[in-house]
Amino acid sequence: MHSAYELAYATACTFAATSGNSTKVCPQDPQGWRLGAPTVLALDDVSFARPVSIGDVVKFRADVVYTGSNESILMGNQHPGLSCIFQVRVETRIVDLKTGNDALSNEFHFTFLNRDPESSHVMQLKPIPVKPIEPLSYGEGMMWLDGRRRMLEALEVVRENKGFAYPVIQDLTTE
């Protein structure tokens, strides 16, 4: 689980960096994309399909599957605050060294907030937008839809519990 978190965080940092280096202009930020500091908002349900035993070889794969920028576009840019939130999915597979086959072990779903690294105080949190995700295949489209559902559920939990990102998302409706 710790390795999955580390990979999710590394993926989030890379995604935030590539969003920051993009030449596209973000509609919510006329200055364009900026480099941010990803912060975990939520860890969704973890599905354990198969246990990992001592001595098993495990491989991980992480993908950014959905962003709040997608949601903002879907909602007609009504809620630009969403554009700083994104969903990372980490898949853990166990490799059988005799056959080379692998089997799904676990799936982890992390929701991140991309924020200005200089805004460390909770009440002065400055979100930084990330670029939207564009699925290119049916499989990516299914992960995109699942990522959207999970991100919206995570935002509801943050809103209900008034977590640290509450000032950023308090006025958003996610219907």
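Residues numbered from 1 in each chain as written. Predicted model: local features only at pLDDT ≥ 70, side-chain atom pairs only at ≥ 80, totals over all residues. Heavy atoms only, no water.

(A) Structural view of the nonpolar core. Membership of the largest hydrophobic core comes to 25 residues, with the highest contact counts inside it found for I85, F86, V88, V90, F112 and L155. Each residue touching V88, except ones within four places of it in the same chain, is listed here: A8, T11, A12, A62, D63, V64, F108, H109, F110 and F112. (Core = buried A, V, L, I, M, F, W, Y, C linked by side-chain atoms within 4.5 Å. Buried < 20%, exposed > 50% of the residue type's maximum accessible area, 1.4 Å probe, protein only. Contact = heavy atoms within 4.5 Å.)

(B) Highlighting the packing of aromatic side chains. Tallied over the entire structure, the rule returns seven aromatic pairs. Consider the rings of Y5 and F110, whose centres lie 6.0 Å apart with planes at 55°: the pair is tilted. Taken together, the residues span a long stretch of sequence, with Y5 in helix α1 (residues 2-20) and F110 in strand β5 (residues 102-115) at a distance of 105 residues. Overall, Y5 belongs to the partly exposed group, its relative accessible area being 34%. Each member of the aromatic cluster is reached from another via a ring pair, and the members are Y5, Y9, F15, F86, F108, F110 and F112. (Phe/Tyr/Trp six-rings, centres within 6.5 Å; stacked < 30°, edge-to-face > 60°. Helix = DSSP H or I, 4+ residues; strand = E, 2+ residues; numbered from the N terminus.)

(C) The environment of F86, seen in detail. By the element assignment, F86 lies in strand β4 (residues 85-95). Residue class for F86 comes out buried when judged on its relative accessible area of 0%. Put simply, F86 and Y66 are 20 residues apart on the chain and 5.7 Å apart in space, counted from C-alpha to C-alpha. Non-local contacts of F86, meaning those with residues more than four positions away in its chain, are made with A12, F15, P38, V64, Y66, T67, F110, T111, F112, N114 and V130.

(D) Broad picture of the pairing of β4. For β4, the buried fraction is high: ten of the eleven residues fall into the buried class. Direction of pairing for strand β3 (residues 57-67) relative to β4: antiparallel, over a ladder of ten bridges. Bridge pairing in β4 places V58 opposite I94. In this structure, β4 lies alongside β5, joined through eleven bridges in antiparallel fashion. Residue pairing in the sheet places V95 in a bridge with D102 of β5. Between β4 and β5, which pair antiparallel and follow one another directly, the connecting turn spans six residues, one of which, G100, has a positive phi of 85°. (Pairing = 2+ DSSP bridges.)

(E) Focus on the pairing of β5. Of all 14 residues making up β5, eleven are buried, and the element is well covered by its neighbours. In this sheet, β5 lies alongside strand β1 (residues 37-43) in antiparallel orientation, the contact comprising six bridges. Along β5, the bridge assignment pairs A42 with T111. Pairing between strand β2 (residues 47-48) and β5: two bridges, direction antiparallel. For F48, the partnering residue across the bridge sits in β5 and is N106.

(F) Fine view of the side chain of Q87. Mapped onto the elements, Q87 comes out in strand β4. Judged by relative accessible area, Q87 falls into the buried class, the value being 0%. Polar contacts involving the side chain of Q87 include one to the side chain of T111, which spans 2.8 Å. Apart from residues lying up to four places away in sequence, Q87 is in contact with D63, V64, V65, Y66, H109, F110, T111, G147, R150 and M151. (Polar contact = N/O pair within 3.5 Å; in protein donor to acceptor, adjacent residues only side chain to side chain.)

So, to be careful, I would describe these as geometric facts and stop short of saying anything about function.
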